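Spelled out, the chains give:
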Amino acid sequence: MENEKYTPRPEHKFSFGLWTVGNRGRDPFGDAVRPPLTPVEAVRMLGEIGAYGVNFHDNDLVPIDATPQERDRIVNEFRRACEENGVVVPMATVNLFYDPVFRDGAFTANDKSVRAYALQKTMRAMDLGAECGAKIFVLWGGREGVETDGCRRPDDAVKRLREALNYLCEYSLDRKYDYKFALEAKPNEPRADIYMPTTGAYLALISTLDRPEMVGVNPEVAHEHMAGLNMTHAVAQAWEAGKLFHVDLNDQIPGRYDQDLRFGSANPRAAFWLVKFLEDVGYTGPRHFDAHAYRTEDYEGVKEFARGCMRTYLILKEKAAQWNGDTEIRALLAGISETAGDERGNKFSTQHASELLSATFDRAGLASRGLNYERLDQLTIDILLGVR
Ligand code: GCO
Ligand code: MN
Ligand code: MN
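Residues numbered from 1 in each chain as written. Chains lettered and ligands numbered in written order. Predicted model: local features only at pLDDT ≥ 70, side-chain atom pairs only at ≥ 80, totals over all residues. Heavy atoms only, no water.

Draft legend 1. Spatial organisation of the pairing of strand β6 (residues 180-184). Summarising burial for β6: four of the five residues are buried, a large majority. Pairing of strand β4 (residues 136-140) with β6, which is carried by five bridges, proceeds in the parallel orientation. Note that in β6 the partner of Val 138 across the bridge is Ala 182. (Buried < 20%, exposed > 50% of the residue type's maximum accessible area, 1.4 Å probe, protein only. Helix = DSSP H or I, 4+ residues; strand = E, 2+ residues; numbered from the N terminus. Pairing = 2+ DSSP bridges.)

Given below as structure tokens:
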């Protein structure tokens, strides 16, 4: 079949959250437009469209007030549905933002009992995830922020966050869960300002933890774009540091509310560089779509949305291979890649430094060569628009 190459397969590791396909289209101005989708129905839908994985917050699966018996029944049903539909659970997470108890933060709240409750809720969510086979635990601190900085010193918030992460690493080791934690940054929404606004901020925090090797990041396209940043650069820095434990794919027009658009639908060129990077370096983790369908859609539209995320990824993956193999692009790259040049800048030695200090450079000559990036980018656009 012509389109066989865009058919999702388990090895593509496409995953969706229960909260993504199950999103009912509520927004601050309007109520739900779709009926509830049970976790079992969501798993069936994901199986039908060929997804590999399903992720959840504790309360996407088990209501916050469920009794232990209800919890066990729900988990059994859910696990059976996953098996029957060939869907796995690569990642689990915890909801530390919905309940009013977290209105002033969870791990960073001023109230010590709220902080303790946040730890309890997270440990229980870790138990739940482990029972379903999850090996990655995402932490997104949606309420860890402020409207007024009068409420606490921001460096105290950083210390509290660090303590909580250290605690949770020990819990994972104690229970032999073998979790990798993936920290997800976002600059704002729902708080006016969220601590740890960017992936880079989390990378810096991780190096101060007791067990940094257990903790990495979960960059999200929309969150980096909300901050006006380049998602591929955030992902690349995480990758280079050995910290890309998970990735949230969606799309977002900068300067707007948190849109969670279908992957690649707002800025396909940025999505292309991201897919190309993930494929070029051989990222093997899940490709998680943290997005949701337009509010205009019924559940058939939700399937279209989810299929679209995966299809766009696979199309961009194909375009990336085409880009890498394109003879003209290769020739351009050969022309601009590092040439032999001056070796004295490679590695410091006292002798290199003094030679370099007294060297003469042809500044004007170095600055005058055209780099052909216009041609390079137009070739990229030609490929993306399908005329090449
Ligand atoms: C958001 C976030 C969340 C997290 C999720 C996993 O903007 O709401 O992206 O969807 O990814 O809570 O922890
Ligand atoms: Mn988001
Ligand atoms: Mn996310």
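Draft legend 2. Summary view of the site of ligand 1. Neighbouring ligand 1 are 13 residues, the closest being His 57, Glu 184, Lys 186, Glu 220 and Asp 290. One nitrogen or oxygen atom from the side chain of Asp 290 is found 2.8 Å from an oxygen atom belonging to ligand 1. The fraction of the free accessible surface of ligand 1 (340 Å²) that becomes covered by protein chains is 93%. Split into classes, the residues belonging to the shell around ligand 1 amount to four nonpolar, three polar and six charged. (Near = heavy atom within 4 Å. Polar contact = N/O pair within 3.5 Å; in protein donor to acceptor, adjacent residues only side chain to side chain. Areas by Shrake-Rupley, 256 points an atom, 1.4 Å probe, with all protein chains shown as cover. Nonpolar A, V, L, I, M, F, W, Y, C, P; charged D, E, K, R; others polar.)

Draft legend 3. Main features of the packing of aromatic side chains. Taken as a whole and judged by the stated rule, the model has 15 aromatic pairs. Ring geometry for Phe 14 versus Phe 289: centroids 5.4 Å apart, planes at 40 degrees, classification tilted. One end of the pair, Phe 14, is in strand β1 (residues 14-17); the other, Phe 289, is in strand β10 (residues 287-289), with 275 residues separating them in the sequence. For the pair Phe 56 and Phe 78, a centre-to-centre distance of 5.5 Å together with 90 degrees between the ring planes defines the contact as edge-to-face. One end of the pair, Phe 56, is in strand β2 (residues 53-57); the other, Phe 78, is in helix α4 (residues 68-85), and 22 residues separate them in sequence. Phe 78 matches Phe 56 in its accessibility class, with the two residues each being buried. Members of the aromatic cluster, each reached through a chain of ring pairs, are Phe 14, Phe 16, Phe 263, Phe 289 and Tyr 313. (Phe/Tyr/Trp six-rings, centres within 6.5 Å; stacked < 30°, edge-to-face > 60°.)

Draft legend 4. Region of the structure containing the packing of helix α10 (residues 268-281) against helix α11 (residues 299-325). Viewed as axis vectors pointing N to C, α10 and α11 meet at an angle of 70 degrees, and their least axial separation amounts to 9 Å. The orientation of α10 with respect to α11, classified from their angle, is roughly perpendicular. Listed contacts from α11 to Pro 268, Ala 271, Phe 272, Trp 273, Val 275, Lys 276, Leu 278, Glu 279 and Asp 280 of α10 are Tyr 313, Leu 316, Lys 317, Lys 319, Ala 320, Trp 323 and Asn 324. Of the residues in the contact of α10 with α11, the class split is ten nonpolar, one polar and five charged. (Axes fitted to C-alpha atoms, helices over the stretch in contact; angles between N-to-C directions. Parallel < 35°, antiparallel > 145°, perpendicular 65-115°, else oblique. Contact = heavy atoms within 4.5 Å.)

Draft legend 5. Structural detail: the coordination of the manganese ion (ligand 2). Protein-derived coordination of the manganese ion (ligand 2) comes from Glu 220 (OE) and His 223 (NE2), at a distance range of 2.1 to 2.2 Å. Taken as a pair, the manganese ion (ligand 2) and the manganese ion (ligand 3) lie 3.7 Å from each other and share Glu 220 as a ligand. In this structure, Glu 220 and His 223 share a single accessibility class: buried. (Donors = N, O, S within 2.8 Å, 3.2 Å for Na, K, Ca; no water.)

Draft legend 6. Main features of the environment of Leu 18. Position of Leu 18 among the secondary structure elements: in helix α1 (residues 18-21). Its relative accessible area of 7% is what places Leu 18 among the buried residues. Residues Leu 18 and Asp 99, 81 residues apart in the sequence, show an inter-C-alpha distance of 18 Å.

Draft legend 7. Region of interest: the nonpolar core. By size, the foremost hydrophobic cluster in this structure holds 96 residues, and its most contacted members are Phe 78, Phe 181 and Phe 263. Looking at which element gives the most residues to this core, the answer is α11, with eleven residues. If we ignore the near neighbours within four places in the chain, the residues touching Phe 78 are Leu 18, Pro 39, Val 40, Val 43, Val 54, Phe 56, Leu 61, Val 89 and Cys 132. Listed in part, the five residues of the second largest apolar core include Met 91, Ile 136, Val 138 and Phe 245. (Core = buried A, V, L, I, M, F, W, Y, C linked by side-chain atoms within 4.5 Å.)

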